[in-house]
Amino acid sequence: MADTSPILLWFRRDLRLSDHPALTAAVKTGRSIVPVFLRDGLLDDLGAAPKWRLGLGVGCLAEALQDKGSRLILRSGDALEQLTQLIDETGAGAVYWMRAYDPQSVERDTKVKETLKEQGVEARSFAGHLMFEPWTVETKQGGFYKVYTPFWNAVKTRDVAEPLAAPGEIKAPGRWPDSETLDDWRLGAAMDRGADVVRPFVQLGEQAAQARLGAFMASKVADYNDARDIPGTDGTSCLSENLSLGEITPQQCWHAGLRAREEGKPGAETFLKELVWREFAYHLMWHTPRLLTDNWREDWEAFPWNEDERKAEVKAWKQGRTGIQFVDAGLREMYVTGRMHNRARMIVASYLTKHLMCHWKIGMQWFEDCLIDWDPASNAMGWQWSAGSGPDATPYFRVFNPVTQLDRFDKDRAYVQRWLGKPGAKLTGDAARYFDAIPKSWNMEPDDHYPEPVVNADEGRKRALEAYENRDF
DNA sequence: TCGCGGTTGAT
DNA sequence: TCAACCGCG
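Residues numbered from 1 in each chain as written. Chains lettered and ligands numbered in written order. Predicted model: local features only at pLDDT ≥ 70, side-chain atom pairs only at ≥ 80, totals over all residues. Heavy atoms only, no water.

## Overview of the overall build of chain A
Per the secondary structure count, chain A includes 21 helices and 5 strands. Taking 2.2 N^0.38 as the reference for a compact globule, 473 residues should give roughly 23 Å; the C-alpha atoms of chain A span a radius of gyration of 23 Å, in line with that estimate. Its C-alpha atoms give chain A principal-axis dimensions of roughly 75 × 55 × 45 Å. Here chain A holds 473 residues, and 56% of them are scored as buried. For chain A, long-range pairs separated by at least 24 residues make up 79% of all intrachain contacts whose partners lie at least 6 apart in sequence. Just so you have it, chain A exposes about 20,500 Å², and 47% of that area is on carbon and sulfur atoms. (Helix = DSSP H or I, 4+ residues; strand = E, 2+ residues; numbered from the N terminus. Rg over C-alpha atoms; globule rule 2.2 N^0.38 Å. Buried < 20%, exposed > 50% of the residue type's maximum accessible area, 1.4 Å probe, protein only. Contact = heavy atoms within 4.5 Å. Areas by Shrake-Rupley, 256 points an atom, 1.4 Å probe, with all protein chains shown as cover.)

And the structure:
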């Protein structure tokens, strides 16, 4: 007799109903489905903004499930214990989920799968957070890729799974288990600046993500090659926010990008390459999890990084008052919006790791606390790329000049004026919003005159290069 | 997905 | 005088 027991659908960073292989497989069995989201230790450890944004996403998913006559059951505690408890309560005979790739999730999920199987419960994980499973991309020598371009060449012509439609119906169980409430979880509690500051910049959920993708392909992609580098314009897709929580899949983006390329849109190929950068970051994290925690090139351990977070220069950097306009604009943008333009990310990272000679981990952690598009693999890879300690990284001696970058990428000063205000004028708009957002303890007032550089562009460059030349590796 | 200081060579 | 180019960190 066919198994008719319910299936637990364990949602994690896959907050969508379309192109969801685990959900599709569960629906296909004809069995009832109990969607569940768990607040475990890994969730508690998230940075302030990512945790808050995750909560919004979970709420949105719960509504989408309700529209399908289903629900999202919320529980707190150790994942295995909670799943076991729910299996007891619902009589579920299976748990399905979408695979994660960061080492902590892998460790947790491996143990969950093992234990459930021992207990006779079917435990299935599905691919879909990535287009290419990290272990399927190999060099001719059988190793993993450490350089982006060969990685791109290895995957660019692969078939990418066609996105799945959202299920029409999600069969409810006879009786629903109890659920905690999102409000009780207080996932925004660590947001010093208050969630209301960032909320207007959020594009929440699956529908919004699809709208973003549509808008990008309808117009922005044509100009993407150039516009994506100009932080004063709206030239990027902004999909990182939704990709990060699985509100949209890379497969959905990929196929849209392929269509745009066939239509001859010039920026489409670049967009596809950006999606593959995300894959590459996961590939590296999978094969070398130390990407998240240590210098990927081990000899960089010997470099005299400043690791003291309390240093005045570090504070100035975080608080957007280094006195370097491009740097401060980027950091203020991040604090207010929970995002930062990629050009600015490279510049603030170069300034922190080179001019200020600070360890990239300090920057990585600040980003982790502030970004609503935070992604463990991309964040770590990006920082190690900038610092020069990563695979396929920019060499340490490649120092961005944050002043000349302004002339190249913010010619009309639209970006720095948006975040720092116009010279001599009263602060308005987002420049003013920043001062409403920051904590009192930062001791910054709108009337303060703009600071002198904590380390100016030329001297910082010189100092960094000297340290590099004197390195003993 | 860089920047600088230097050289070259046209004007 | 200066744009273009080169070599190197």
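Additional details are given in the paragraphs that follow.
## A closer look at the UniProt feature "domain: Photolyase/cryptochrome alpha/beta" (unreviewed entry) in chain A
This chain's UniProt record puts "domain: Photolyase/cryptochrome alpha/beta" (unreviewed entry) on residues 5–131. Between the C-alpha atoms that bound residues 5–131 there is a distance of 31 Å. The span itself is 47% helix and 20% strand. (UniProt positions renumbered as here; feature names shortened; annotations may be inferred.)

## So, the sheet that holds strand β2 (residues 33–39)
A sheet is described by the order of its strands in space; here 5 strands give the open sequence β3-β2-β1-β4-β5, paired in parallel fashion. For this open sheet the edge positions go to β3 (73–76) and β5 (122–126), each flanked by a neighbour on one side alone. Between one strand axis and the next, the sheet turns by 25° as a mean value, whatever way the strands run. The sheet contact formed by strand β1 (residues 7–11) and strand β4 (residues 94–98) spans 4 bridges and is parallel. Paired with I7 across the two strands is A94, which belongs to β4. Contacting β1, β2, β4 and β5, helix α1 (residues 21–28) crosses the sheet at an angle of about 150° to β4. (Pairing = 2+ DSSP bridges. Axes fitted to C-alpha atoms, helices over the stretch in contact; angles between N-to-C directions.)

## Observations concerning the domain arrangement of chain A
As assigned here, chain A comprises domain 1 (1–128), domain 2 (130–160 + 199–287) and domain 3 (298–469). Taking the mean C-alpha position of each, domain 1 and domain 2 sit 26 Å from one another. Counting residues at the interface gives 20 residues for domain 1, matched by 23 residues for domain 2. In total, about 1,800 Å² of surface goes out of reach between domain 1 and domain 2, with carbon and sulfur atoms giving 58% of it. Run the count over domain 1 and domain 2 and you get 3 salt bridges. Remark: the boundary between domain 1 and domain 2 carries 16 residue pairs in polar contact (both at pLDDT 80 or more). Elements represented by at least two residues in the side of domain 1 that touches domain 2 include exactly α3 (48–67) and α5 (103–118). Considering every element that reaches the side of domain 1 that touches domain 2, the biggest residue donor is α3, with 6 residues. (Domains from an automatic or database assignment. Buried area = accessible area lost by both parts, 1.4 Å probe. Salt bridge = Lys/Arg side-chain N within 4 Å of Asp/Glu carboxyl O. Polar contact = N/O pair within 3.5 Å; in protein donor to acceptor, adjacent residues only side chain to side chain.)

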